[in-house]
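Results of the structural survey
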Amino acid sequence: MRRLAHMTVLQRVWWRRMSVMVTKELRQLFRDVALIGFFFWAFVMDVYLAGSGTSMQLVNAGLVVHDSDQSESSRELIHRFHAPYFRFDGEVAHPDEGIRRLDFGDDVVLLDIPPRFHEMLASGEATAVQMQVAATHSPQGLSAASYGARIVGEFGRDASARAMGLPANGDLPLPVVRSDHRVWYNPNQDESWFMSISEVLTITTIFAVLLPAAALVRERERGTVEQLLVSPLTPFQIMFSKVVAMTLVILAGTALSLFGILHAIFDVPMRGSLILYFAMTTLYVFTTAGLGLVAATLATNQAQVSLMTILVVAPMINLSGTWTPPEAMPGWLSALMLLSPLHHFVNISYGIQLKGVGLEILWPSALAMVLLGGSLFGFGIWRFRRQFA
Amino acid sequence: MNLTRIAAVASKEWRETVRDRMFLALAFLIPILWMLVFGYGMVLDVEHIPYALLDRDQSQLSRDYLYRFQQSRYFDFKGALSDERAAAPLLAAGRIRAAIIIPEKFQERLLAGQAVGVQTLIDGTFPLRSDITKGYVIAINAAFSEELAVAYVARMKGLSYERARALVQPVKLEVRYLYNQEVRSAWTIAPVLVMFVLTLAPPLLTALGIVREKERGSIYNIYSSTVSRLEFLIGKLAPYIGISAFNIVVLWGMAVYLFGAPFKGNGLLFYATALLFVCITTGQGLIVSLLVSTQQAAAIITVVLSIVPTMLYGGLLVPVSALGPETQIVAHLFPAMYFTNIVHGTFLKGVGLEVLWRDVLILVLYATVLLSVGYWLFRKRPIA
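As the structure is a prediction and not an experimental result, all values here were calculated from the model.

**Topic: the pairing of strand β4 (residues 116–123) of chain B**
If a strand is regular, its side chains alternate between the two faces of the sheet. Counting buried positions along β4 of chain B gives 7 out of 8 residues, so the element sits mostly inside the fold. Judged from the 8 bridges that link them, strand β5 (residues 177–184) of chain A and β4 of chain B form a sheet pairing that is parallel. Paired with Trp-184 of chain A across the two strands is Asp-123 of chain B, which belongs to β4 of chain B. Here strand β3 (residues 98–102) of chain B runs beside β4 of chain B; their pairing, made up of 4 bridges, is antiparallel. Bridge pairing in β4 of chain B links Ala-98 of chain B to Ile-122 of chain B.

Shown next as structure tokens:
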């Protein structure tokens, strides 16, 4: 009985020390005014800007037309290249002038309609229109061509319906395959959902790796870690308290973005469990912090640790699978990306918010994060102990 | 201005950098490693889309139709579904990104000259990819339909195939891609990666180099010395600009020789503007370093200021024309976009100053303003 009471006292002391250390870390962080100001900028403004006006889909692509026919048909065809995909920027007298506009980068598509276009259509002759696409951005270039083909295809179908004396805009009495699409999870392909979620992931990652790593190395660089080591704190407590403090701050930032921007402004749905979402974000921040801690034990000063962590952070963000399709990566690289916690968290974050799924589907990603985080922390604490043994 | 004093500051800074082996190694390695990983990893081609299918018709014609998907390099067959409900968990887990459902009587209706709808379920989590997937499906459907319709019209009306084709599809679209004829993702991405790396690496080195002195207190040696503000800044920044000046050549070489991007423009123009851009990003690092007091803050602020605007507004993955009105304004406030224009111009388009003068002028303006602000912010007599 007495022994049990003794244990609880020890435990209470242990927790009390932790809370003192966490408070110390939080105070220290909040006194860095520039950093806190930036924290708000990143979690609020950056997320807002990313969601409010960026589009990777074909939007507002500048179109110039060289119309050698100037007929009813050519005008109808031009009219069909419309917003939001294309932005009609006027006609040019000569194709070379159009190419020059493409060179300047003001426009990306030049449509060239041949002479006698209307005449040939009316007489049932086959004709062709040319489209020059600036492929400096390859996905958008392909997309412009694909939309162009669809528009011209429909225009041709309507023209042939008229030629056969049938009503336009209906199904022709022909054996054709109609494309019926159903886009799931984000039926309107609303890019603000995708972008704002992706931006929260980016910002969370930057802060989760860099904050604890720098905090740890700073103590060593300034020599204050010696004071901590002669105190009754264990190395685990010294390290873990930093991670707990930074995790609390980052969770607050995530909540700010989620409720203040994603839900309030962009109407991003939360189809899954909110509690699961925050639990998984906590797990992610811990795992990612482990990465920073390992870097911290390998570096001797803050400049080194900053470079090392950023060396890792930039590929984590760029190759997470949100910007570019992971299927397209070469095998060795996609194997390497399995080691990135963000690779797994992307599935979880989009899965909970947009797909409304839970752990029954996401458990492999969650398990991968637990394993990664566990080994990173274990390694970090082992190195940290050894350095001061 | 005393050149000896500038040289003294520069050589002190250089020695400090060289003696910190890991810092030095990272200063040169980071650009190379990033270029390697991003160059190989950031493939924009939407290919090998994992899909499943449900063939309710099981006919000759439905198999012919599906064969087109199986043959396409855009789609990767992951299996046949037993019923429509089986698609949901696969899509939810991200195991497939599309499911194709062929209705009953597919063959019967087509042979009778009627239209048939084929349903495609597409994962909309990543809108660009769902849009491109949609485009592929529509293209495959259109090609398949055209063949059937032409044969049908030719048979029914007793026309030649050529005449029937002109009747069914009177207008063809002939597409030519400029600047990147085969629409290779590597040609798009490798040149702008040079821009991306040069936005991130130089300001980081600079910001850390200066805040390091502030945080450790060694900056007081400078405050109390005879070195003037300008001499200190020039001497301090010179080694970092030097490192980046070398890295530009390495990055350019990797883009051209490793990733096979074409370089059609003037090499001197590219190098000069890249150096100008490095001065700008270094100036950004300088300003950040003067406004913060810890290296932790310097690193985070520089990264957030560099990665985020470059990814979103720098024309790296999103064309600037596709941005909304507010974001357009923000994009024009960051220098990355102008350098992207120069990168596209010199690498892919092969145009010179006659087209790019606007962008070069704006970059010169940026460099002047940023470095002047940096000079103005740097005080030898700290206010606080």
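**Quick word on the layout of surface pockets**
In this structure, the largest pocket encloses a volume near 1,400 Å³. Contributing to the lining of the largest pocket are 45 residues, with Ala-149 and Arg-150 of chain A together with Ile-138, Ala-139 and Ala-142 of chain B lying nearest its centre. Mapped by element, the contributors of at least two residues to the lining of the largest pocket are α6 (138–163) and β5 of chain A together with α6 (127–157) and β5 (171–178) of chain B.

**Points about the packing of aromatic side chains**
Residues and elements named next belong to chain B. For the structure on display, the rule yields 48 aromatic pairs over all chains. Arranged with centres 6.0 Å apart and planes meeting at 45 degrees, the rings of Tyr-51 and Phe-69 form a pair that is tilted. Taken together, the positions of Tyr-51 in strand β1 (residues 49–55) and Phe-69 in helix α3 (residues 60–71) put the pair 18 residues apart, joining distant regions of the chain. For Tyr-51, a relative accessible area of 0% translates into the label buried.

**Section: the interface of chain A and chain B**
With 126 residues of chain A at the interface, the matching set in chain B holds 126 residues. One can count 5 salt bridges joining chain A with chain B. Asp-123 of chain B is the salt-bridge partner of Lys-355 of chain A, the closest N and O atoms lying 3.4 Å from each other. Between the two partners, chain A and chain B, sit 55 residue pairs in polar contact (both at pLDDT 80 or more). Per element, the largest residue contribution to the side of chain A that touches chain B is 19 residues, and it comes from α6 of chain A. Residue classes in the side of chain A that touches chain B are distributed as 71 nonpolar, 35 polar and 20 charged.

**Some words on empty space enclosed by the protein**
All names here are of chain B. Applying the stated criterion across every chain yields a total of 9 cavities of 30 Å³ or more. Ile-49, Arg-97, Arg-129, Ser-130 and Thr-133 are the residues nearest the centre of the largest cavity, which is lined by 13 residues in total. Of all the elements in the fold, those that place two or more residues in the lining of the largest cavity are β1, β4 and α6. For the lining of the largest cavity, the element with the highest residue contribution is α6, accounting for 3 residues.

Cut-offs applied
- Along each chain, numbering runs from 1 in the same order as the chain's sequence is written.
- Written order determines the labels here, with chains lettered from A and ligands numbered from 1.
- Selection of residues for local features in this predicted model requires a pLDDT of at least 70, selection of side-chain atom pairs for listing and counting requires 80 or more, and totals for whole chains, interfaces and linings are taken over all residues.
- Here the side-chain values reflect all heavy atoms present in the structure, with hydrogen atoms and water set aside.
- Relative accessibility decides the category of a residue: with a 1.4 Å probe and only protein chains considered, values under 20% of the type maximum give buried, values over 50% give exposed, and everything between is partly exposed.
- Think of it this way: any DSSP run of H or I at least four residues long counts as a helix, any run of E at least two long counts as a strand, and we number them from the N terminus.
- The pairing criterion is simple: DSSP has to find at least two bridges between the two strands.
- Put simply, the grid is 1 Å and covers the protein atoms alone, a cavity is a trapped set of points that fit a 1.4 Å probe, a pocket is an open set with protein on both sides within 12 Å along at least five of seven lines, and lining residues have an atom within 4 Å of a point.
- Grid points are joined across faces, edges and corners, and a volume is the space filled by probe spheres set on the points.
- The criterion for an aromatic pair is that two Phe, Tyr or Trp rings (for Trp, the six-membered ring) have centres within 6.5 Å, with stacked assigned to planes under 30 degrees apart, edge-to-face to planes over 60 apart and tilted to the rest.
- Whether two residues are in contact is decided by their heavy atoms, any of which lying within 4.5 Å being enough.
- Whenever Lys or Arg places a side-chain nitrogen within 4 Å of a carboxyl oxygen from Asp or Glu, that contact is recorded as a salt bridge.
- Pairs of N or O atoms within 3.5 Å make up the polar contacts considered here, provided that, within protein, one atom can donate a hydrogen while the other can accept it, and that residues adjacent in sequence are counted only when both atoms are side-chain atoms.
- Classification convention: Asp, Glu, Lys, Arg as charged; Ala, Val, Leu, Ile, Met, Phe, Trp, Tyr, Cys, Pro as nonpolar; all other residues, Gly among them, as polar.

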